[in-house]
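Remarks on the overall topology
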Amino acid sequence: MKKRKKKKIIIKVSDLSKSFNNNIVLKNINFQLLEGETLAIIGASGSGKSVLLKNIIGILKPDKGSIEINDTEMVNLPTKLKEKILLDLGITFQHGALFDSLKNWENIIFKTANKEKMNNKKGKQLAFSIINQLGLQTEILDLYPSEISGGMQKRVAIARAICGNPKILLFDEPTSGLDPVTGSLIDQLIKTAVRTVGGSAITITHDMASVCRIADKVILIDNQTISWSGTPKQMFNSANTKIQEFIEPINSKIFFK
Amino acid sequence: MRDLFLDILGTTGKKFINFVANIGHFFIFFGNAIYWALKPPWYLKRIFQQIIDIGYFSLPVVGLTTFFSGMVLALQTYNGFTDFNSESTVARIVLTSITRELGPVLTGLMVAGRIGAKMAAEIATMRVTEQIDALGTLGTRPMQYLIAPKIIASLVCIPILVLIGNTIGILGGYVIAIYKLNFNPNLYLYATMEYLQLIDIIQGTVKASVFGLIISMVSCYFGYNASKGAEGVGFATTSSVVISSVMILTSTYIITALFFG
Ligand SMILES: Nc1ncnc2c1ncn2[C@@H]1O[C@H](COP(=O)(O)OP(=O)(O)OP(=O)(O)O)[C@@H](O)[C@H]1O
Ligand SMILES: [Mg+2]
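This text gives an overview of the structure that appears in the document. (Residues numbered from 1 in each chain as written. Chains lettered and ligands numbered in written order. Predicted model: local features only at pLDDT ≥ 70, side-chain atom pairs only at ≥ 80, totals over all residues. Heavy atoms only, no water.)

Looking only at helices and strands, one finds nine helices and zero strands in chain B. Scanning chain B from its N terminus toward the C terminus, one meets helices and strands in the order α-α-α-α-α-α-α-α-α. Dimensions of chain B, computed from C-alpha atoms along their principal axes, come out at roughly 65 × 60 × 30 Å. Burial statistics for chain B: of 261 residues in total, 46% are counted as buried. (Helix = DSSP H or I, 4+ residues; strand = E, 2+ residues; numbered from the N terminus. Buried < 20%, exposed > 50% of the residue type's maximum accessible area, 1.4 Å probe, protein only.)

What follows is the structure, encoded as structure tokens:
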């Protein structure tokens, strides 16, 4: 894989370790996310993928190591500066984390409405322009998150993350719990979102089909570290036993022939 | 024997250190919350919503409890004092008991049960479902957006609720005095007005403000620091009601002692 042009490093994680009491979750994690790139993180349940993401966005503090976003060291950065950097990130949480006291449209435009005042009509229009691409109907805008299905909540959370066109997208299992058609719609959307703003994305997923559709690079977290990394294509030709366990359910010939 | 002793000492010591650490933790939260409550810009819409919730919707329960307390006071006082001057005695006892103590304390306890539990459960649920983390990533500060409006609204509402509660309590006493004890309404009202003292109102308002601070701070603290799971929400809710009630009853003594001791 030769690169024609040297790409900018968007996120750089070096030597990151994290443990909870005596439970070592991550040890010496190193990876980079380059401009324009989509990185998929895979790994068994409980391997620490969500913990890694939470370290990157500053919800958890690493025991050791550094995290740079656009060349700014995030660990121990004062809150004010950290907030500024976070504003250019679109994040979804594994369990949605939608605000249950706000209607769906208020959830979606939350960050934008916080920056600039907008009336309800304009806000709803903005929210609609996003959910429209996600296969959701206008009717859900005026409902509360608890009144829509799990898959719809997932999409509202994605809408909230991409509202305002952030340059860095971080998704924790964006397609889990969705039917395959909607899942591939989301993948398409992530791809478009990354491409239109010239951004980059990290997505945590268990869905190998999704990995193939959107990822430029894959890392596998196993045994507290990154035990494998490469392109999706390399993944399907890998002799790594853990990787093979992951791709086993899928007939690789469908994707790479 | 020695081991057992050391064991007990160790466990108690650990509990004690934890306790002290928690108190320290609480006061850091307290300072932080005050800072964000005072610092503009304020989320006015959210403050307004909280005022409706804490103030307006607490009116029935506060009114009911203080009304009956006023009635009980009048009834009981009369049984104890059967002299010719009982109008003024009953009026005075009802007035002072309500304005100094029962009005603020009953209102405080009712609001602690109603609003404190609700605040703690709401914030704890948001913590457990990562909504508070999400707030932080969406350009808001949870302390400013979530906590400050509740503190401000409590400080505004609870003194007003106490004033209303006091009035209704005195009215309860009046109803009993006039319709059950057949007192002369004019004499009774005259006595009430005569004994009405500014210092009692001030003292009641001070109490109410302190209670407002206690209820909102304790509930927000337990909610904000809730641990994972449904259990965490339950723990936050009960702890906040129990602890704010105990603190209300303790502080009412301290304030009374400071004013009249
Ligand atoms: N706040 C926390 N406190 C203590 N331990 C935690 C905390 N968050 C995560 N852990 C632990 O870290 C480990 C990794 O959790 P994590 O949520 O990152 O897994 P995951 O890879 O995202 O799994 P899944 O695919 O099921 O989402 C688990 O053992 C979990 O118990
Ligand atoms: Mg996870």
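Time to look at the sheet that holds strand β3 (residues 38-43) of chain A. Each strand in a sheet pairs with another by means of backbone hydrogen bonds, the pair being arranged parallel or else antiparallel. All names here are of chain A. Here six strands make up an open sheet; going across it, the order is β6-β7-β8-β3-β9-β10 and the pairing mixed. The strands lining the two open edges of the sheet, one partner per strand, are β6 (89-92) and β10 (225-230). Strand-to-strand twist in this sheet, taken as the mean axis angle between neighbours without regard to direction, amounts to 15°. Judged from the five bridges that link them, strand β7 (residues 168-172) and strand β8 (residues 200-204) form a sheet pairing that is parallel. Within β8, the position partnered with Phe 171 by the bridge is Thr 203. Strand contacts of helix α7 (residues 180-196): β3, β7 and β8, with the helix running at about 160° to β7, the strand carrying the most contacts. (Pairing = 2+ DSSP bridges. Axes fitted to C-alpha atoms, helices over the stretch in contact; angles between N-to-C directions. Contact = heavy atoms within 4.5 Å.)

To continue, consider the layout of surface pockets. Space inside the largest pocket adds up to approximately 1400 Å³. Taken together, 44 residues form the lining of the largest pocket, with Phe110(A), Asn114(A), Tyr43(B), Arg46(B) and Tyr145(B) sitting closest to its centre. Elements that contribute at least two residues to the lining of the largest pocket include exactly α2 (79-86), α3 (104-108) and α4 (110-115) of chain A together with α2 (44-54), α4 (86-128) and α6 (142-179) of chain B. The leading source of residues in the lining of the largest pocket is α2(B), at seven residues. (1 Å grid on protein atoms, 1.4 Å probe; cavity = no way out; pocket = protein on both sides within 12 Å on 5 of 7 lines; lining within 4 Å. Points joined across faces, edges and corners; volume = space filled by probe spheres on them.)

It is worth spelling out the pairing of strand β9 (residues 217-222) of chain A at this point. Residue and element names in this part refer to chain A. With five bridges joining them, β3 and β9 adopt parallel strand pairing. Paired with Leu 39 across the bridge in β9 is Lys 217. Sheet topology places β9 next to β10; five bridges connect them, and they run antiparallel. From the neighbouring strand, Leu 220 faces β10, where its bridge partner is Trp 228. Hairpin connection from β9 to β10: two residues lie between these consecutive antiparallel strands, with Asn 223 at a positive phi of about 60°.

Residue and element names in this part refer to chain A. Note that strand β1 (residues 9-20) and strand β2 (residues 23-34) share eight bridges and pair antiparallel. Its bridge partner lying in β2, Leu 16 is registered against Ile 29. With antiparallel pairing between neighbouring strands as the criterion, β1 and β2 make up a hairpin whose turn holds two residues, including Asn 21 at a positive phi of roughly 50°. Pairing geometry for β1 and strand β4 (residues 64-69), over five bridges, is antiparallel. Each bridged residue has a counterpart across the sheet, and for Ile 11 the counterpart in β4 is Ile 69.

Counting residues at the interface gives 17 residues for chain B and 19 residues for chain A. Roughly 1600 Å² is buried in total at the junction of chain B and chain A, and carbon and sulfur atoms are behind 56% of that figure. Sorting the residues of chain B by area buried against chain A places Glu130(B), Thr137(B) and Leu138(B) first, and these three jointly supply 39% of that buried surface. Taken together, the links from chain B to chain A amount to two salt bridges. A salt bridge links Lys54(A) to Glu130(B); the nearest nitrogen and oxygen atoms lie 2.7 Å apart. Taken together, the links from chain B to chain A amount to four residue pairs in polar contact (both at pLDDT 80 or more). (Buried area = accessible area lost by both parts, 1.4 Å probe. Salt bridge = Lys/Arg side-chain N within 4 Å of Asp/Glu carboxyl O. Polar contact = N/O pair within 3.5 Å; in protein donor to acceptor, adjacent residues only side chain to side chain.)

Let us look at the environment of Leu106(B). All names here are of chain B. Looking at the element boundaries, Leu 106 is found in helix α4. Separated by 143 residues in sequence, Leu 106 and Leu 249 place their C-alpha atoms 10.0 Å apart. Apart from residues lying up to four places away in sequence, Leu 106 is in contact with Thr 65 and Ser 69.

So, about the sheet that holds β4(A). Residue and element names in this part refer to chain A. Read across the open sheet, the four strands follow the order β2-β1-β4-β5; overall the sheet is antiparallel. The open sheet has two free edges, formed respectively by β2 and β5 (72-73), since each of these has just one partner strand. Inspection of the sheet shows β4 paired to β5 by two bridges, in the antiparallel sense. Residue pairing in the sheet places Ile 69 in a bridge with Thr 72 of β5. Those strands touched by helix α1 (residues 49-56) are β1, β2 and β4, and its axis lies near 120° from that of β1.

Now for the pattern of salt bridges. Under the counting rule described, the total for this entry stands at 13 salt bridges over all chains. Between Arg127(B) and Asp133(B) there is a salt bridge, with the nearest N and O atoms lying 3.6 Å from each other. Where salt bridges share partners, they join Asp222(A), Lys242(A) and Glu245(A) into one cluster.

Residues and elements named next belong to chain A. Binding of the magnesium ion (ligand 2) to the protein goes through Ser 50 (OG) and Gln 94 (OE1), at separations of 1.9 to 2.1 Å. Of this pair, Ser 50 sits in helix α1 while Gln 94 sits in the loop between β6 and α3; the two residues are 44 residues apart in sequence, bridging distant segments of the chain. Exposure remark for Gln 94: the relative accessible area of 26% places this residue in the partly exposed category. (Donors = N, O, S within 2.8 Å, 3.2 Å for Na, K, Ca; no water.)

If you look at the biggest cluster of nonpolar residues, it comprises 83 residues, and the most contacted ones within it are Ile11(A), Ile56(A), Leu170(A) and Ile147(B). Per-element tally for this core: the top contributor is α6(B), with 12 residues. Of all hydrophobic cores here, the second largest spans 30 residues; its members include Ile148(A), Ala157(A), Val194(A) and Ala201(A). (Core = buried A, V, L, I, M, F, W, Y, C linked by side-chain atoms within 4.5 Å.)

All names here are of chain A. Structurally, Asp 172 can be placed in strand β7. It is Lys 54 that comes nearest to the buried, bridge-free Asp 172 among opposite-charge side chains, at 6.4 Å. Side chain to side chain, Asp 172 and Ser 50 meet in a polar contact 2.7 Å long. If we skip the residues at most four places from it in the chain, Asp 172 touches Ser 50, Leu 53, Thr 92, Phe 93, Gln 94 and Ile 204. (Lys, Arg positive; Asp, Glu negative; His and termini not counted.)

As a further point, take the packing of α4(B) against helix α8 (residues 198-224) of chain B. All names here are of chain B. Where α4 meets α8, the axes come as close as 8 Å, and the angle between the chain directions of the two elements is 15°. Considering the angle they form, α4 stands roughly parallel to α8. Like other packed secondary-structure pairs, α4 and α8 cross with a definite hand, here right-handed. Of the residues contributing to the contact of α4 with α8, the split by class is 12 nonpolar, nine polar and five charged. (Parallel < 35°, antiparallel > 145°, perpendicular 65-115°, else oblique. Left-handed = near helix turned anticlockwise from the far one by under 90°. Nonpolar A, V, L, I, M, F, W, Y, C, P; charged D, E, K, R; others polar.)

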